[in-house]
Amino acid sequence: MKKFGKIIALSIAVIMCVALLVACAPNSDPDKAKKALEDNGYAVTKVSPNVSVGGLEINLNKDVDCIVSGTKIENDKAEHVTIYYYTSAKAASEAWEDMQKEADKEKGDEEDSDWVCKKSGKMIYFGTKAAVKAAK
């Protein structure tokens, strides 16, 4: 009986850890992330793989499904998030290193910066902590 109790306790701990990790990421559905940002007062843009802007055809990387980007100015501070949704987790993993380098340039040298850059499943996101939280 003690062994059964330990197994249950360990299972609960693992489930809670997984839930915590998932809770930190934006919504995995681009339309829901876009709506969540709009509901929180962000100006949001969703770009599909092939988009025409002013008669110019823009083709994203073939592995990118879409990009959702949101910005909001609050108390003289810009809150921003950009979420790249890839066609597969493998494609996101392949793009991760280059994307992280670019996001680190954006972050700068500030030690106390609230800038985050993370990969979660098929998406890579970066931006301020408040904006990432708003995209849930």
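As shown above, the structure is provided for reference.
Residues numbered from 1 in each chain as written. Predicted model: local features only at pLDDT ≥ 70, side-chain atom pairs only at ≥ 80, totals over all residues. Heavy atoms only, no water.

Caption draft 1: Focus on the overall build of the protein. Counting its secondary structure elements, the protein contains four helices and seven strands. Reading the protein from its N end, one meets helices and strands in the order α-α-β-β-β-β-β-α-β-β-α. Long-range contacts, defined as pairs at least 24 residues apart, comprise 54% of the intrachain contacts of the protein with a sequence gap of at least 6. (Helix = DSSP H or I, 4+ residues; strand = E, 2+ residues; numbered from the N terminus. Contact = heavy atoms within 4.5 Å.)

Caption draft 2: Structural detail: the pattern of salt bridges. Following the criterion strictly, the structure yields seven salt bridges and no others. A salt bridge links Lys-35 to Asp-39, with the shortest nitrogen-to-oxygen separation between them at 3.1 Å. Taken together, the residues Lys-35 and Asp-39, both in helix α2 (residues 30-39) and four residues apart, mark about one turn of the helix. Residue classification places Asp-39 among the exposed positions, given a relative accessible area of 55%. Notably, a salt bridge pairs Lys-101 with Glu-97, separated by 3.6 Å at the nearest N-O pair. In this pair, Lys-101 and Glu-97 are both assigned in helix α3 (residues 89-107), four residues apart and thus about one turn of the helix distant. Owing to a relative accessible area of 48%, Lys-101 belongs among the partly exposed residues under this scheme. Among the charged side chains, a network of salt bridges with common partners joins Lys-77, Glu-79 and Asp-114. (Salt bridge = Lys/Arg side-chain N within 4 Å of Asp/Glu carboxyl O. Buried < 20%, exposed > 50% of the residue type's maximum accessible area, 1.4 Å probe, protein only.)

Caption draft 3: Examining the pairing of strand β7 (residues 123-128) more closely. Most of β7 sits inside the fold, with six of its six residues counted as buried. As judged from the six bridges shared by strand β6 (residues 115-120) and β7, these two strands associate in the antiparallel manner. Within β7, the position partnered with Cys-117 by the bridge is Phe-126. Between the end of β6 and the start of β7, which pair antiparallel, lie two residues, with Gly-121 showing a positive phi angle near 60°. (Pairing = 2+ DSSP bridges.)

Caption draft 4: A look at the nonpolar core. Residues Leu-37, Tyr-42, Val-81, Ile-83 and Tyr-85 are the most contacted members of the largest nonpolar core, which totals 16 residues. Every element with two or more residues in this core is listed here: α2, β4 (64-74), β5 (77-86), β7 and α4 (129-134). Listed in part, the 12 residues of the second largest apolar core include Val-64, Ile-67, Tyr-86 and Ala-91. (Core = buried A, V, L, I, M, F, W, Y, C linked by side-chain atoms within 4.5 Å.)

Caption draft 5: Examining the side chain of Thr-128 more closely. Assignment of secondary structure puts Thr-128 in strand β7. Setting aside residues up to four positions removed in sequence, Thr-128 forms contacts with Ala-78, Glu-79, His-80, Asp-114 and Trp-115.

Caption draft 6: Seen up close, α2. What α2 keeps buried is the set Pro-30, Ala-33, Ala-36 and Leu-37. Each buried residue of α2 lies within a common arc of 125° when the element is viewed along its axis, so the set occupies one face. Across from the buried face of α2, at angles greater than 90 degrees, the exposed residues are Lys-32 and Asp-39. If you follow the buried residues of α2, they end up packed against β1 (43-47), β4, β5 and α4. A distance of 3.0 Å separates the backbone nitrogen of Asp-31 from a side-chain oxygen at the start of α2, and that oxygen is part of Asp-29. Trailing α2 by a residue or two, Gly-41 shows a phi angle of about 85°, which is positive. (Arc of directions from axis to C-beta. Polar contact = N/O pair within 3.5 Å; in protein donor to acceptor, adjacent residues only side chain to side chain.)

Nothing here speaks to function; it is all geometry.
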